[in-house]
Amino acid sequence: MTGRDTYIREEAQYIPARSSIGEAGAAFLELSQVGFSYSGKRPAVLSGINLTFAREGITAIMGPNGCGKTTLTKLMVGILSPASGEISLEGRSLQEYTLAQVGRRIGYVFQNPNHQLFCSTVEEEIGFGLTHLGEEPAVVRERVDFYLDYFELSPYRDQFPLNLSYGEKQRLAIAAVLAGEPGFLILDEPTVGLDIYREKLLEEQLHKVAELGRGVVIVSHDNKFVSQVAERIITLENGQVKWDSSWRGNNDHEA
Amino acid sequence: MTMKLDPRTKLVMVLCITTLAIVYNTPGALFLLLAATIGLLLLFRINLIRVMGYLKPYFMLLLVLFLAQCIFTPGGEVLLAIGSVRLLGTRGLLMGTTVVLRLLIVIAAAVLLTTSNSRDFISGLVQWKVPYEVAFMVSVTIRFLPIFRDEFINVVTAVQLRGVELKKVPWGQKIDLFRRLFFPVVYGAIVKAQQLSVAMEARGFRAYPRRTYLRQLYLTRWDYGLILVFPGLTLLLMGLHMRLV
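Reading guide: rules and limits
Residues numbered from 1 in each chain as written. Chains lettered and ligands numbered in written order. Predicted model: local features only at pLDDT ≥ 70, side-chain atom pairs only at ≥ 80, totals over all residues. Heavy atoms only, no water. Helix = DSSP H or I, 4+ residues; strand = E, 2+ residues; numbered from the N terminus. Buried < 20%, exposed > 50% of the residue type's maximum accessible area, 1.4 Å probe, protein only. Contact = heavy atoms within 4.5 Å. Phe/Tyr/Trp six-rings, centres within 6.5 Å; stacked < 30°, edge-to-face > 60°. Lys NZ or Arg CZ within 6 Å of the ring centre and 35° of its normal. Patch = residues over 30% accessible without salt bridge, like charges linked within 9 Å, V, L, I, M, F, W, Y side chains within 5 Å. Areas by Shrake-Rupley, 256 points an atom, 1.4 Å probe, with all protein chains shown as cover. Salt bridge = Lys/Arg side-chain N within 4 Å of Asp/Glu carboxyl O. Pairing = 2+ DSSP bridges. Axes fitted to C-alpha atoms, helices over the stretch in contact; angles between N-to-C directions. Parallel < 35°, antiparallel > 145°, perpendicular 65-115°, else oblique. Nonpolar A, V, L, I, M, F, W, Y, C, P; charged D, E, K, R; others polar. Core = buried A, V, L, I, M, F, W, Y, C linked by side-chain atoms within 4.5 Å. Domains from an automatic or database assignment. Buried area = accessible area lost by both parts, 1.4 Å probe. Polar contact = N/O pair within 3.5 Å; in protein donor to acceptor, adjacent residues only side chain to side chain. Expected span 1.5 Å × (residues − 1). Lys, Arg positive; Asp, Glu negative; His and termini not counted.

Chemist: Before we go on, may I ask you to explain the overall build of chain B in this structure?
Modeler: Looking only at helices and strands, chain B has eight helices and two strands in total. For chain B, the α and β elements follow one another from N to C terminus as α-α-α-β-β-α-α-α-α-α. Scored against the burial criterion, the 245 residues of chain B give a buried share of 40%. Counting contacts in chain B only where the partners sit at least 6 residues apart, residues at least 24 apart contribute 70% of the total.

Here's what the structure looks like:
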């Protein structure tokens, strides 16, 4: 993969220096006493969530079906608003940001790729965010070529995204978000539909993203994948944080 | 009382209202019809504020439609122009208002249908000897209205999460963007319809004539009354309208 190797060497130039992204280790996204329920229904999907995410490292959110993992990530990017508690992004309330402002800081890969693919061709899908943010056409083309090559989507360059297979759509959704080079990434079930080889590629890419000083949160049921990529594991159960591996270094307590 | 109306009665009422919406072509008459439809919704104890929130994503499309009609309909007196370039004429304004009011009436009338279960629509229509396939298509169409809405919300959310500030995009680009987004939304709904038909067939679904129904619908006096009054009133109003025109 020559294209990828070249890009890996040159990628640093696309990424703002860590100092301009924000101080590593400082709270980038903070949830305090967050609760949520759909249309006032009881019981609440989430309650009393207190979590802090720094713009570094890879965190995995795990838990059984229906425990509120996807809802939690949707709250973290502002698609949903908390019923109680407060979420802050870079020290400011998330409610002060528009969805687009959040989108420029946090890249979000939906659980279902069909929900985030909206362009007429695969190529356009990857370059959409960059083009609309006013990137130079040459930069857009280079980055699109790299991600097409990296996720082996080049043969589908001119195809309609919704006509691809599930696994291809998943790769495209991840590529489209990664292409925007956001400072923080949230991926909801990114390995669903990926074969072992593509899972490995994603793993490599996530490590590389983290090495460049960007934070990553993945929601996953894939224990093997999580154990290989995540440095911090948060477990949800019945809408509450049951376990956070970062507690270990903090008096080793459990909720 | 009103909530217990037969779904067929509601369907007749909606057909009458939408027929009038198509026949009327002046903003005044359409506005009165919209007010009457909203009155009907209140009678059905439908929470209008909740419906408005539900329909919020469509308002942008209505605005785009209104502007497109205003700008591209020729004729009438010029209301706004830059130099010799005409931007808005009286006829365009009239057309824009008419189209938007007409759509609002159709949407408001369609809300009436949401007060009945889609299964009741099928069994009601089948009891009226409408072929099962046709009755099923009507019910699936009703079922797909919220899917269109969800698809549109998903697309708009996804676009914004890629960093595009939709509110700040210039109007020319915004119209182009919505035009481009419209295709995937429609295509997505078609794909879902295809998947639905495959899933149904895979479970052995067929519209056999021997199909039986546990629940039988019965028309009450209110139903009979409204089924007679609504078409009668519609014909009368159409007659009056033709005379005036």
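Chemist: Looking at this model, I keep getting lost on the packing of aromatic side chains. Mind explaining?
Modeler: Two aromatic rings, taken as a pair, are described by how far apart their centres are and by the angle between their planes. By the definition in use, this model includes nine aromatic pairs over all chains. When the ring of Tyr-147 of chain A is compared with that of Phe-151 of chain A, the centres are 6.4 Å apart and the planes differ by 15 degrees; the resulting orientation is stacked. The residues Tyr-147 of chain A and Phe-151 of chain A share a single accessibility class, namely buried. By way of ring pairs, the aromatic residues Phe-146, Tyr-147, Tyr-150 and Phe-151 of chain A are connected into one cluster. The cationic tip of Arg-8 of chain B hangs over the ring face of Trp-128 of chain B; the distance from NZ or CZ to the ring centre is 5.2 Å.

Chemist: Explain a nonpolar patch on the surface here, please?
Modeler: Residue and element names in this part refer to chain B. Together, Leu-79, Leu-80, Ile-82, Val-85, Leu-87 and Leu-93 line one region of the surface with nonpolar side chains, adding up to about 520 Å² of accessible area. For the nonpolar patch, the secondary structure elements donating two or more residues are strand 1 (78–82) and strand 2 (85–89). When residues in the nonpolar patch are grouped by element, the largest group, three residues, is from strand 1. Along the chain, Leu-79 turns up in strand 1. By relative accessible area, Leu-79 is classed as partly exposed at 46%.

Chemist: Where do I start with the sheet that holds strand 4 (residues 84–89) of chain A in this structure?
Modeler: Sheet strands associate in pairs through backbone hydrogen bonding, adopting either a parallel or an antiparallel arrangement. Residues and elements named next belong to chain A. Strands sit in the order 2-1-4-5 across an open sheet of four strands; the sheet is antiparallel. Each edge of the sheet is formed by a strand with only one pairing partner; in this case those strands are strand 2 (46–54) and strand 5 (92–93). In this structure, strand 1 (residues 27–36) lies alongside strand 2, joined through six bridges in antiparallel fashion. Counted as the bridge partner of Phe-36 is Leu-46 from strand 2.

Chemist: Sorry, what's going on with the packing of helix 1 (residues 7–23) of chain B against helix 8 (residues 221–244) of chain B here?
Modeler: A packed helix pair is summarised by two numbers, namely the angle formed by the two axes and the spacing between the axes. Residue and element names in this part refer to chain B. Between helix 1 and helix 8, the least distance of the axes is 9 Å, while the angle of their chain directions is 5 degrees. What the angle tells us is that helix 1 and helix 8 run roughly parallel. When helix 1 is examined against helix 8, the residues Thr-9, Val-12, Met-13, Cys-16, Ile-17, Thr-19, Leu-20 and Val-23 are found in contact with a partner set consisting of Asp-223, Leu-226, Ile-227, Phe-230, Pro-231, Thr-234, Leu-237, Met-238, His-241 and Met-242. In terms of residue class, the contact of helix 1 with helix 8 is made up of 13 nonpolar, four polar and one charged.

Chemist: I tried to follow the nonpolar core on my own but got confused; where do I start?
Modeler: Nonpolar side chains in soluble globular proteins tend to end up buried together. Core analysis: the biggest nonpolar cluster contains 44 residues, and Met-13, Ile-17, Leu-40, Phe-44, Ile-105, Leu-112 and Phe-230 of chain B have the highest contact counts within it. Breaking this core down by element, the ones donating at least two residues are helix 1, helix 2 (27–43), helix 3 (48–72), helix 4 (90–113), helix 5 (118–127), helix 6 (132–161), helix 7 (171–202) and helix 8 of chain B. Considering each element in turn, this core owes the most residues, nine residues, to helix 1 of chain B. Counting contributing residues per domain, this core is built from domain 1 (1–116) and domain 2 (117–222) of chain B, each supplying no fewer than three. Ranked by size, the runner-up nonpolar core spans 40 residues in total, among them Val-144, Leu-172, Leu-201 and Phe-225 of chain A.

Chemist: In this structure, what is going on with the environment of Ala-158 of chain B? I would like to understand it.
Modeler: Relative to the helices and strands, Ala-158 of chain B resides in helix 6. For Ala-158 of chain B, a relative accessible area of 3% puts it in the buried group. With sequence-adjacent residues up to four places away left out, Ala-158 of chain B is seen in contact with His-115, Gln-116 and Phe-118 of chain A.

Chemist: Explanation requested: the pattern of salt bridges in the structure shown.
Modeler: Close approach of charged atoms allows side chains of opposite charge to pair. Residues and elements named next belong to chain A. Evaluation of the coordinates by the stated rule reveals 16 salt bridges over all chains. Here Arg-157 ties to Asp-145 by a salt bridge, and the two come within 2.5 Å at their closest N and O atoms. Taken as a pair, Arg-157 in the loop between helix 6 (137–150) and helix 7 (166–179) and Asp-145 in helix 6 lie far apart in primary sequence, 12 residues in all. Residue class for Arg-157 comes out partly exposed when judged on its relative accessible area of 25%. Taken together, the shared-partner salt bridges in this structure form one network comprising Glu-135, Arg-143, Glu-181 and Arg-214.

Chemist: Even after reading the chapter, I still don't get the interface of chain A and chain B, so can you show me in this structure?
Modeler: Interfaces are often sized by the amount of accessible area the parts lose when they come together. With 24 residues of chain A in contact, the opposing surface of chain B contributes 18 residues. With both chains or domains summed, chain A and chain B bury close to 2100 Å², and 61% of this area falls on carbon and sulfur atoms. When the area that chain A buries against chain B is broken down by residue, the three leading residues are Leu-99, His-115 and Phe-118 of chain A, summing to 28%. Where chain A meets chain B, there are four residue pairs in polar contact (both at pLDDT 80 or more). Taken together, the elements giving at least two residues each to the side of chain A that touches chain B come down to helix 4 (99–105), strand 6 (106–109) and helix 5 (122–132) of chain A. Among the residues forming the side of chain A that touches chain B, the class breakdown is 13 nonpolar, eight polar and three charged.

Chemist: Hey, could you run me through helix 8 (residues 196–211) of chain A in this one?
Modeler: Since the α-helix advances by 3.6 residues per turn, residues separated by three or four positions end up pointing in the same direction. Residue and element names in this part refer to chain A. Helix length check: helix 8 (16 residues) gives 22 Å between terminal C-alpha atoms against 22 Å at 1.5 Å per residue, within 8%. Those residues of helix 8 lying buried are Arg-198, Glu-199, Leu-201, Leu-202, Glu-203, Gln-205, Leu-206, Lys-208, Val-209 and Ala-210. Where helix 8 begins, the side chain of Asp-195 points an oxygen toward the backbone nitrogen of Tyr-197, at a separation of 3.2 Å.

Chemist: Could you clarify how one ought to interpret the packing of helix 1 of chain B against helix 4 of chain B in this entry?
Modeler: Residues and elements named next belong to chain B. Viewed as axis vectors pointing N to C, helix 1 and helix 4 meet at an angle of 180 degrees, and their least axial separation amounts to 9 Å. Judged by the angle between their axes, helix 1 and helix 4 are roughly antiparallel. Side by side, helix 1 and helix 4 meet where Lys-10, Leu-11, Val-14, Ile-17, Thr-18, Ala-21 and Ile-22 of the first sit next to Arg-102, Ile-105, Val-106, Ala-109, Leu-112 and Leu-113 of the second. Residues of the contact of helix 1 with helix 4, tallied by class, amount to 10 nonpolar, one polar and two charged.

Chemist: Help me understand the side chain of Arg-171 of chain A in this model?
Modeler: Residue and element names in this part refer to chain A. With respect to the helices, strands and loops of the structure, Arg-171 is situated in helix 7. Buried within the structure, Arg-171 lacks any salt-bridge partner; Glu-168 is the closest side chain of opposite charge, at an N-O distance of 5.0 Å. There is a polar contact of 3.1 Å between the side chain of Arg-171 and the backbone oxygen of Phe-151. Excluding residues within four positions of it along the chain, Arg-171 makes contact with Phe-151, Glu-152, Leu-153, Leu-194 and Arg-198.

Honestly, it's all geometry; don't read function into it.
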